[in-house]
Amino acid sequence: MSEANNSKGFETLCIHGGHVAESNRAHLTPIYATSTYTFDTAEQGIAVFKNEEKGYIYGRFGNPTINEVEDKIAMLEAYGLKNEDGSPLQLKAILHASGMAAITTMLLGNLKAGDMIITHKSLYGGTQEMIDKILPNLDIETVIVDFHDLNLVAETIKANASIRMMYIETPANPTLQCVDMEQLAALGKQHDLIVCADNTFATPYLQQPFKYAVDFVMHSTTKFLNGHGTAVGGILIGRDQEKMNTTVTKAHRLLGGNSNAFEAFLLNNGLRTFSLRMERHCSNAEKVANFLAQHPAIKTVNYLGLSSHPDHAICKKQMKHAGAVLSFELKGGFEAGVAFMNKLKLCINAVSLGTCDTLLSHPASTTHVGVPRDKRIEFGITDGLIRMSVGIETVDDIINDLTQALQ
Ligand SMILES: Cc1ncc(COP(=O)(O)O)c(C=O)c1O
């Protein structure tokens, strides 16, 4: 649980947040490579099991290395936020093996057969597949509407008493669609829905969903939070401590999507420079987007920081900066996309995002190669579309590499 989060600065929390002094006086919390924990007496074991005494029980339930990073991220998401009575907001976070594991715990820990989800188009592909292919087997259906049309959202909720959850992903992967979290979450609460938001692209550095009536936030920590591409991970953060400590914890433990000490250590280490990295990611991305927008080989640039992006105003309203992910459409279509990727020398051809190095991918020839062309284009994944996660290298080097690859 995040404690005393409002008395320290964001950068300080990135470094010290969640740290508990260790009995051997190790500077950094070690990698606790243990699957279980011991009890001095049977009575102590009983007290820990009954939650009357603090203590670790079993590796799937918790671990000190994991605990530190959970508390740190909870503090960052709660940073500067207050409850209605003015007290600092405290959140509870649970680290998972992946972003998908965190999303799964959130969904299955809150929904039952017969419930429905309302969400929008253009979710991360894994989440979309989860709601298309796994949840219907459990009799959990999803209705997809345009979240820019609040009247339509309200009408759809009113017309369907089974809707229990509103699922938001903003900015969304890969289209960068942004939706208005404040208005959507308020609408969700008016209808007593569970409101959740995937904050992977923005991170708490750029956007804090708990400022609004959001109940749960999920991240793929694999991306900007880790920042170095060293570990896959995910985190689920909740506002309602009681619910987090009971039903959600139960779902996490029984679904078995727990993280491990080594990857938690890597994530924690990455977070120590999170704020500095984000600052540079954002300023580099802005310069790269402006460069691309002027380039004759490029048809369009999708970057939330450009006034040409349809969701520029929503981004300005709820995000501190437009972030470091963008996409652009090459005039030459599919062939130009393949040729461009082959010419890159510094920037890296890889899916994923949020690492120190600049990553680019050509979805039409990689992640979406198996999707029929008409469907892919309907999702906004056109033939010459390149997705780019701008890294923290010297920005001129990134721009020089793009320049030679675009020739
Ligand atoms: C927005 C978003 N949410 C969730 C995920 C899933 O995360 P992971 O790959 O860590 O399971 C991703 C992965 O790319 C993502 O981009």
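Rules used throughout
Residues numbered from 1 in each chain as written. Predicted model: local features only at pLDDT ≥ 70, side-chain atom pairs only at ≥ 80, totals over all residues. Near = placed C-beta within 6 Å. Nonpolar A, V, L, I, M, F, W, Y, C, P; charged D, E, K, R; others polar. Helix = DSSP H or I, 4+ residues; strand = E, 2+ residues; numbered from the N terminus. Buried ≥ 20, exposed ≤ 12 C-beta atoms within 10 Å, placed from the backbone. Domains from an automatic or database assignment. Contact = placed C-beta atoms within 7 Å. Core = buried A, V, L, I, M, F, W, Y, C linked by C-beta atoms within 7 Å. Pairing = 2+ DSSP bridges. Axes fitted to C-alpha atoms, helices over the stretch in contact; angles between N-to-C directions. Parallel < 35°, antiparallel > 145°, perpendicular 65-115°, else oblique. Left-handed = near helix turned anticlockwise from the far one by under 90°.

*Asks:* Provide a residue-level description of the site of the ligand, including the pertinent values.
*Replies:* Close contacts around the ligand come from 14 residues, with Ser98, Gly99, Met100, Tyr124 and Ser220 the closest. Split by residue class, the shell around the ligand holds four nonpolar, eight polar and two charged.

*Asks:* Provide a residue-level description of unusual backbone geometry, including the pertinent values.
*Replies:* Between Thr170 and Pro171 the backbone carries a cis peptide bond, its omega angle lying at -10°. Within the fold, Pro171 resides in the loop between strand 4 (163–169) and helix 7 (181–190). Despite not being glycine, Asn51 has its phi angle at roughly 70°, a positive value. Of note, Asn51 is situated in the loop between helix 2 (42–49) and helix 3 (64–78). With 9 C-beta atoms packed within 10 Å, Asn51 lands in the exposed category. Phi is positive for Ser122, close to 65°, though the residue is something other than glycine. Within the fold, Ser122 resides in the loop between strand 2 (116–119) and helix 5 (125–134). Taking the number of C-beta atoms within 10 Å as the measure of exposure, Ser122 has 21 and is therefore buried.

*Asks:* Tell me about the domain arrangement of the protein, and please be specific about residues and values.
*Replies:* When the domains of the protein are assigned, the result is domain 1 (5–271) and domain 2 (274–406). Using only C-alpha atoms to locate each centre, domain 1 and domain 2 end up separated by 27 Å. With 29 residues of domain 1 at the interface, the matching set in domain 2 holds 25 residues. Of all the secondary structure elements, the ones that give two or more residues to the side of domain 1 that touches domain 2 are helix 1 (10–16), helix 7, helix 8 (203–206) and helix 10 (261–271).

*Asks:* Would you mind going over helix 2 in detail, with residue names and values included?
*Replies:* Among the eight residues in helix 2, zero count as buried, and that is only a small part of the element. One or two residues past the end of helix 2 sits Asn51, with phi positive at roughly 70°.

*Asks:* Quick rundown of the nonpolar core? Include the residues and the values.
*Replies:* One finds Ala93, Leu184, Cys196, Val214, Leu236 and Ile237 to be the most contacted residues of the largest nonpolar core, which totals 103 residues. Looking at which domains feed residues into this core, each of domain 1 (5–271) and domain 2 (274–406) gives three or more. Not counting residues within four places of it along the chain, the set of residues in contact with Cys196 comprises Met106, Met165, Tyr167, Ile168, Val214, Asp215, Phe216 and Met218.

*Asks:* Got a sec to walk through the pairing of strand 6 (residues 216–220)? Specific residues and values, please.
*Replies:* Of all the five residues making up strand 6, five are buried; the element is thus mostly covered by neighbouring parts of the structure. Alternating residues of strand 6 divide into Phe216, Met218 and Ser220 and Val217 and His219, and every residue in both groups is buried. Of the pairings in the sheet, the one linking strand 5 (residues 194–198) to strand 6 comprises three bridges and is parallel in character. If you follow Asp198 over to strand 6, its bridge partner there is Met218. Sheet topology note: the strand 6/strand 7 (residues 234–238) ladder contains five bridges and is antiparallel. Within the sheet, the bridge partner assigned to Phe216 lies in strand 7 and is Gly238.

*Asks:* Please provide a residue-by-residue account of the sheet that holds strand 2, values included.
*Replies:* Pairing is mixed across the open sheet formed by seven strands, whose spatial order is 1-7-6-5-4-2-3. Because the sheet does not close on itself, it has two edges, and the strands there are strand 1 (92–96) and strand 3 (141–144). Within this sheet the neighbouring strands show an average axis-to-axis angle of 20°, counted without direction. Of the strand pairs in this sheet, strand 4 and strand 5 are connected by five bridges, and their pairing is parallel. The residue of strand 5 that forms the bridge with Met166 is Val195.

*Asks:* Please set out the packing of helix 11 (residues 274–294) against helix 15 (residues 395–406) residue by residue, giving values where relevant.
*Replies:* Across the interface, helix 11 lies against helix 15 with an axial gap of 10 Å and an inter-helix angle of 30°. With respect to helix 15, the axis of helix 11 lies roughly parallel. Both helix 11 and helix 15 take part in a crossing whose hand is right-handed. Mapping the contact onto sequence places Asn284, Lys287, Val288 and Phe291 in helix 11 and Val395, Ile398 and Ile399 in helix 15. Here the residues of the contact of helix 11 with helix 15 are counted per class, giving five nonpolar, one polar and one charged.

*Asks:* Summarise the packing of helix 3 against helix 10; cite the residues concerned and give the values.
*Replies:* Axes are the key here: two packed helices are described by the angle between their axes and the distance separating the axes. Relative to each other, helix 3 and helix 10 sit at 35°, their axes nearing to 8 Å. Judged by the twist between their axes, the crossing of helix 3 over helix 10 is left-handed. Facing Thr65, Ile66, Glu68, Val69 and Lys72 of helix 3, the residues of helix 10 in contact are Ala261, Ala264, Phe265, Leu267, Asn268 and Leu271.

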